[in-house]
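Residue-level structure breakdown
Below, each chain spelled out in residue letters.
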Amino acid sequence: MGIRFNEEKKIFNIETKNISYILSILETGHLVHLYWGRKIKSNKIDYIITKREYGSFLANLDNIKGLHLEAIAQEYPGYGNPDLRSPAIQIKLSDGSTVTDFRYESHKIFKGKKKLNGLPATYVEDDNEAETLEITLKDKLANLRVVLFYTIFEDYNAIARSCKIINDSSKEVEILRVLSANVDFNHSDFDFIHLSGAWARERHIVRNPLRLGGQSIESRRGASSHAQNPFMALVSPNTDEDHGDVYGFNLIYSGNFLANVEVDMHSNARAQIGINPFDFIWNIGPGEEFQAPEAVMVYSPNGLTGMSHIYHDLYRDRLSRGYYRDKERPILINNWEATYFDFNSEKIKEIAKEASKLGIELFVLDDGWFGKRNNDESSLGDWFVNKEKIKGGLNLLVSEINEMGMKFGLWFEPEMISPNSKLYKEHPDWCIHIEGRLKSQARNQLVLDLSREEVCDAIIKMISDILKSAPISYVKWDMNRNMSEIGSSAWPAKKQKEVAHRYILGLYRILEKITSDFPNILFESCSGGGGRYDGGMLYYMPQTWTSDDTDAIERLKIQEGTSLVYPLSSMGSHVSAVPNHQVGRITSLYTRGVVAMAGNFGYELDITKMSDKEKEEIKNQVVFYKKIRSTVQYGDFYRLISAFNSNEAAWMNLSKDKKYLVVSYVKKYGEANVKPKRLKLKALDEDALYKVNETGEIFGGDELMYIGLEIGELFGDYQGRNWTLNKIN
Ligand code: DGJ
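Residues numbered from 1 in each chain as written. Predicted model: local features only at pLDDT ≥ 70, side-chain atom pairs only at ≥ 80, totals over all residues. Heavy atoms only, no water.

What to know about the site of the ligand
- Residues in contact with the ligand amount to 13 residues; listed here are only the nearest, D366, D367, K476, D478 and D548.
- Measuring from an oxygen atom of the ligand, one finds a side-chain N or O atom of D367 at 2.6 Å.
- D478 places a polar side-chain atom, nitrogen or oxygen, 2.7 Å from a nitrogen atom of the ligand.
- Taken by itself the ligand offers 290 Å² of open surface, and the protein chains cover 97% of this.
- Classifying every residue of the shell around the ligand gives 4 nonpolar, 3 polar and 6 charged. (Near = heavy atom within 4 Å. Polar contact = N/O pair within 3.5 Å; in protein donor to acceptor, adjacent residues only side chain to side chain. Areas by Shrake-Rupley, 256 points an atom, 1.4 Å probe, with all protein chains shown as cover. Nonpolar A, V, L, I, M, F, W, Y, C, P; charged D, E, K, R; others polar.)

As structure tokens, this is what we get:
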């Protein structure tokens with residue numbers, strides 16, 4: 001593994017045990033892309049670049065006959081030169097022109113990986129884990145540099161890419177577009193997969209063949225969003241879970257993004273991902289730099305499961321951080337769907353007491369404990385305890401809950417401000433707004449202006465004061481509206497299009513400070529469920545509330561879609577009450593448990609209202625989850641039957657040592673007179689025997705994979721089943 005440079009051929013070969021990513025420097029100094037895919041041993045594949053006449057309307061490069069930049073796969077295309085496809089970078093110079101011409105200047109290869117200034121990114125713990133290539137390109141006329149970074153990890157078949165723009169000139173320039181990664185494929189025989197949805201319906205898998213022209217997904221909402229996740233994959237048309245070439249692109253960023261594929265007139269696909277250029281202009285003055293976020297690119301020749309495993313392992317081990325990164329996550333109970341805003345400390349203690357008797361480990365107090373917040377009409381920004389509801393204060397409540405043998409967690413929504421709040425009265429200009437325009441409210445709230453340093457400092461202080469005031473073990477960090485009327489009273493006119501990105505940088509500064517000042521707190525991010533489920537947030541908080549939709553059947557698709565990229569250890573999933581609060585469906589407690597156990601397990605219901613029989617069942621679920629927890633959170637995840645276009649869903653978790661597995665199955669609707677089905681398992685040792693713990697039966701790994709585990713009779717709608725198996729020889 002490593003990065004090699006062939007001086008004679010001017011070829012860079014970035015490789016792991018299984019993959020190669022190859023680029024080279026053209027005779028003109030332009031950086032071209034040669035190959036990305038299964039490992040290629042040769043270091044001399046520059047024959048891929050061909051000079052030939054393509055007919056009219058393609059300009060020659062440097063007036064060299066037959067050399068058409070637009071007909072060559074490029075590594076980081078600029079705008080205005082003879083490649084007229086979608087650029088990766090566009091800069092407006094002080095003379096008003098937007099043409100640049102970046103050519104190779106120098107490169108470095110070194111062990112390890114540098115941090116990205118102010119931005120979340122994958123990391124190494126030891127320099128031997130990865131190697132980095134840093135290529136500097138220069139536009140001599142404009143006196144600008146672009147530095148491209150490529151890090152390849154020894155143990156993960158992933159390439160982390162980012163870039164930096166440096167202004168060496170004496171004039172200010174405007175960055176109009178700076179994408180983090182660009183890959184030019186020499187064909188377009190791909191399906192385009194992305195994760196789309198809405199609030200309470202996040203990350204449904206969408207798959208379509210590529211067509212000529214542009215196709216893209218993006219967010220313009222100030223957050224990575226419920227609507228589109230900053231992820232896309234290009235997959236060969238035959239791709240399924242186990243077969244096919246898969247190229248994944250995921251942006252480690254929580255704000256506006258663009259993931260774009262352009263299929264050109266010769267049927268080449270150009271794939272790009274980065275900050276959304278829409279409504280974005282960044283000014284860099286003389287001597288200043290701009291760092292773009294990181295894109296993590298994964299190639300797998302082994303279908304979607306192969307890609308997911310790489311993302312899961314890398315994000316679990318080298319994107320998430322902190323005390324809880326490798327720790328089993330506590331089973332929690334959250335009072336939101338149990339009480340909404342209508343609670344006091346007595347009610348909270350009743351729920352916690354009952355939960356502690358059933359083995360639940362953490363109580364989370366959700367929205368409504370601060371200011372005068374008895375509904376969503378006030379108090380965001382007033383982060384002091386409402387002593388009418390929490391009699392005796394937070395410290396007393398926490399110690400009483402701790403005495404029950406449970407940890408205590410607290411909800412915050414620090415990035416927001418209610419116009420009906422003390423904070424707003426003191427600082428009406430602290431929200432994102434444009435002077436003179438309406439401040440549109442969503443959920444009766446406005447977004448705090450995190451592009452301003454003093455606003456970020458105030459948030460750090462308010463939240464830290466509460467966290468210091470009591471032994472809080474967990475924080476749910478919520479964010480419940482997108483940005484509108486984007487503007488800031490702190491910045492001059494020319495910097496207004498920087499505000500959305502400056503907000504995200506401010507947010508990252510706050511998160512860095514708070515998570516490092518309180519290293520033992522488990523942080524879970526949330527944005528009305530999964531409205532900001534991205535690698536940026538995962539860097540600071542190892543788990544996310546997957547969706548506000550807690551219905552077991554709806555969750556099948558949401559969790560499956562999420563699992564394409566993000567590990568199960570990052571997914572909060574809870575059993576809630578029936579009829580379900582989002583869709584009104586009634587499912588059994590058992591099935592709700594089966595689905596919620598495919599993630600960080602918990603409850604979100606009024607446990608005091610449950611019958612003794614139900615409480616007994618919850619107790620058993622808790623015991624069962626504790627047994628399977630490390631395998632679910634830290635094992636390998638396999639999707640066996642997809643919930644999309646099917647009446648069933650099934651999945652399995654295999655421990656890393658491959659000795660223990662958890663198999664789960666859910667059938668949506670009952671069917672009459674159908675033959676009993678078998679569920680074929682994956683990734684077992686075909687020469688080994690496995691014991692099904694629930695029945696005592698013993699089967700060969702080959703039988704389980706090629707004949708399948710008998711599902712058995714499941715009568716009625718929304719039926720589920722869990723099995724655990726041990727390898728016994
Ligand atoms: C949205 C979250 O997703 C819910 O879980 C809950 O915390 C509410 N906000 C509280 O306002």
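As for the environment of R318
- Within the secondary structure layout, R318 lies in helix α1 (residues 303-318).
- Along the backbone, R318 and V578 are 260 residues apart, and their C-alpha atoms lie at a distance of 38 Å.
- Each residue touching R318, except ones within four places of it in the same chain, is listed here: A121, T122, Y123, V124, E125, E129, Y156, D313 and R325.
- At 3.4 Å, the side chain of R318 forms a polar contact with the side chain of E125. (Helix = DSSP H or I, 4+ residues; strand = E, 2+ residues; numbered from the N terminus. Contact = heavy atoms within 4.5 Å.)

Details of the domain arrangement of the protein
- Under the domain assignment used here, the protein contains domain 1 (94-318), domain 2 (332-545) and domain 3 (648-727).
- Distance from the C-alpha centre of domain 1 to the C-alpha centre of domain 2: 30 Å.
- Each partner contributes residues to the interface: domain 1 has 31 residues there, and domain 2 has 27 residues.
- Taken over both partners, the interface formed by domain 1 and domain 2 buries close to 2400 Å², and the fraction arising from carbon and sulfur atoms is 53%.
- When the buried surface of domain 1 facing domain 2 is broken down by residue, P120, S254 and W282 rank first, second and third, together holding 21% of it.
- Scanning the region where domain 1 abuts domain 2 turns up 2 salt bridges.
- K494 is the partner of E172 in a salt bridge, and the nearest nitrogen-oxygen pair spans 2.9 Å. (Domains from an automatic or database assignment. Buried area = accessible area lost by both parts, 1.4 Å probe. Salt bridge = Lys/Arg side-chain N within 4 Å of Asp/Glu carboxyl O.)

With respect to the pairing of strand β3 (residues 19-25)
- For β3, the tally of buried residues reaches 7 of 7 residues, placing the bulk of the element in the interior.
- Alternating residues of β3 divide into I19, Y21, L23 and I25 and S20, I22 and S24, and every residue in both groups is buried.
- Summarising the sheet, strand β2 (residues 11-15) and β3 pair through 5 bridges and their orientation is antiparallel. Each bridged residue has a counterpart across the sheet, and for I14 the counterpart in β3 is Y21.
- Counting the residues in the hairpin turn of β2 and β3 gives 3 residues. (Buried < 20%, exposed > 50% of the residue type's maximum accessible area, 1.4 Å probe, protein only. Pairing = 2+ DSSP bridges.)

Re the packing of helix α9 (residues 552-563) against helix α10 (residues 589-596)
- Running from amino to carboxyl end, α9 crosses α10 at an angle of 15°, the nearest separation of the two axes being 9 Å. Between α9 and α10, the angle is such that the two are roughly parallel. The handedness of the crossing between α9 and α10 comes out as left-handed. Seen from α9, the contacting residues are A552, R555, L556 and Q559; seen from α10, they are T591, R592 and V595.
- Here the contact of α9 with α10 is composed, by residue class, of 3 nonpolar, 2 polar and 2 charged. (Axes fitted to C-alpha atoms, helices over the stretch in contact; angles between N-to-C directions. Parallel < 35°, antiparallel > 145°, perpendicular 65-115°, else oblique. Left-handed = near helix turned anticlockwise from the far one by under 90°.)

Quick look at the nonpolar core
- Counting 190 residues, the largest nonpolar core has W36 and W369 as the members making the most contacts within it.
- Looking at which element gives the most residues to this core, the answer is helix α6 (residues 453-469), with 9 residues.
- Beyond its immediate chain neighbours, meaning those up to four positions away, W36 contacts I19, S20, Y21, I159, V183, F185, Y247, G248, F249, M297, V298 and Y299.
- Grouped together as the second largest cluster of nonpolar side chains are 22 residues, A650, L684, A688 and L714 included. (Core = buried A, V, L, I, M, F, W, Y, C linked by side-chain atoms within 4.5 Å.)

Regarding unusual backbone geometry
- In this structure, P579 follows V578 across a cis peptide bond, with omega equal to -10°.
- The topology assignment puts P579 in the loop between β29 (571-576) and α10.
- At S379, a residue that is not glycine, the phi angle is positive and equals roughly 80°.
- You can see S379 is positioned in the loop between β22 (362-365) and α4 (394-403).
- Using a relative accessible area of 2% as the deciding quantity, one classes S379 as buried.
- Not every positive phi belongs to a glycine, and A683 is a case in point at roughly 60°.
- Given the relative accessible area of 29%, A683 is considered partly exposed.

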